[in-house]
Amino acid sequence: MTSPATAILLAATLIGVVSAATRPPDPPECVPEPNQNLQILHRDKFTVLMNGFSESRIPLLQSLAATYSLSPIVSSVLVLWGNPATSPRVLHRLAHNLTLSSSSSAPISLLLQPSTMLDI
Ligand SMILES: *[C@@H]1O[C@H](CO)[C@@H](O)[C@H](O)[C@H]1NC(C)=O
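Residues numbered from 1 in each chain as written. Predicted model: local features only at pLDDT ≥ 70, side-chain atom pairs only at ≥ 80, totals over all residues. Heavy atoms only, no water.

Summing up its helical and strand segments, the chain has three helices and four strands in all. Starting at the N terminus and ending at the C terminus, the chain contains elements arranged as α-β-β-α-β-α-β. When burial is assessed residue by residue, the chain has 38% of its 120 residues classed as buried. Here the analysis covers contacts within the chain between residues at least 6 apart in sequence; of these, 76% occur between residues at least 24 apart. As presented, the chain carries roughly 7100 Å² of accessible surface, and 62% of it is formed by carbon and sulfur atoms. (Helix = DSSP H or I, 4+ residues; strand = E, 2+ residues; numbered from the N terminus. Buried < 20%, exposed > 50% of the residue type's maximum accessible area, 1.4 Å probe, protein only. Contact = heavy atoms within 4.5 Å. Areas by Shrake-Rupley, 256 points an atom, 1.4 Å probe, with all protein chains shown as cover.)

Our focus in this paragraph is helix α3 (residues 88–101). With 14 residues, α3 extends 20 Å from end C-alpha to end C-alpha; this agrees with the ideal 20 Å at 1.5 Å per step. Residues of α3 that are buried: V90, L91, L94, A95, L98 and T99. For α3, the elements touching its buried residues are α2 (58–69), β3 (74–81) and β4 (108–112). (Expected span 1.5 Å × (residues − 1).)

This part takes up the packing of α2 against α3. Interhelical geometry of α2 versus α3 gives an angle of 30° and a closest axis separation of 10 Å. With respect to α3, the element α2 is oriented roughly parallel. Like other packed secondary-structure pairs, α2 and α3 cross with a definite hand, here right-handed. Contacts between α2 and α3 involve I58, Q62, A65 and A66 from the former and V90, L94, N97, L98 and S101 from the latter. The class makeup of the residues in the contact of α2 with α3 is six nonpolar, three polar and no charged. (Axes fitted to C-alpha atoms, helices over the stretch in contact; angles between N-to-C directions. Parallel < 35°, antiparallel > 145°, perpendicular 65-115°, else oblique. Left-handed = near helix turned anticlockwise from the far one by under 90°. Nonpolar A, V, L, I, M, F, W, Y, C, P; charged D, E, K, R; others polar.)

Bringing the side chain of Q113 into the picture now. Tracing the chain through its elements places Q113 in the segment after β4. Given a relative accessible area of 12%, Q113 falls into the buried group.

Looking now at the site of the ligand. The environment of the ligand is formed by I58, Q62, V90, R93, L94 and N97. Q62 is positioned such that a nitrogen or oxygen atom in its side chain is 2.9 Å from an oxygen atom of the ligand. Contacts to the ligand include N97, whose side-chain N or O atom sits 2.3 Å from an oxygen atom. Burial of the ligand by the surrounding chains reaches 46%, relative to a free accessible area of 360 Å². Of all the elements in the fold, those that place two or more residues in the shell around the ligand are α2 and α3. In terms of residue count, α3 provides more of the shell around the ligand than any other element does, four residues in total. Of the residues belonging to the shell around the ligand, the class tally is three nonpolar, two polar and one charged. (Near = heavy atom within 4 Å. Polar contact = N/O pair within 3.5 Å; in protein donor to acceptor, adjacent residues only side chain to side chain.)

Attention now moves to the nonpolar core. Among the nonpolar cores identified, the biggest contains 18 residues, and M50, A65, V77, V79, W81, L98 and L110 are the most heavily contacted of them. Listed by contribution, the elements that provide at least two residues to this core are β2 (46–52), α2, β3, α3 and β4. (Core = buried A, V, L, I, M, F, W, Y, C linked by side-chain atoms within 4.5 Å.)

And the structure:
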């Protein structure tokens, strides 16, 4: 039998990269500068990194980010947006929605990637 924590970790690993990190000081109100939330590491919790690209999959991305954010072993969720063609209006709305959905759990941040490459 798989525990919920194990299932979350497994899912996070399948989606992207899980690394030890900390809770950023405050959830951002709008799109943060790259690396703003990548400064401090935690020993006992995880930061979930998720890659996003397709606007049609934003509802799924939001739902998964909100689920990770509710886990007691997750300190923050970083959504790395890799589609430079997405309009600022959609990105602002997405950042706002992510902030709202993490209001009583681990913060979710949207980090814009300068290119479609998967490196950060
Ligand atoms: C933000 O949330 C609103 C209300 O749920 C939804 O209609 C809209 O599609 C969402 N937009 C983005 C970009 O997430």
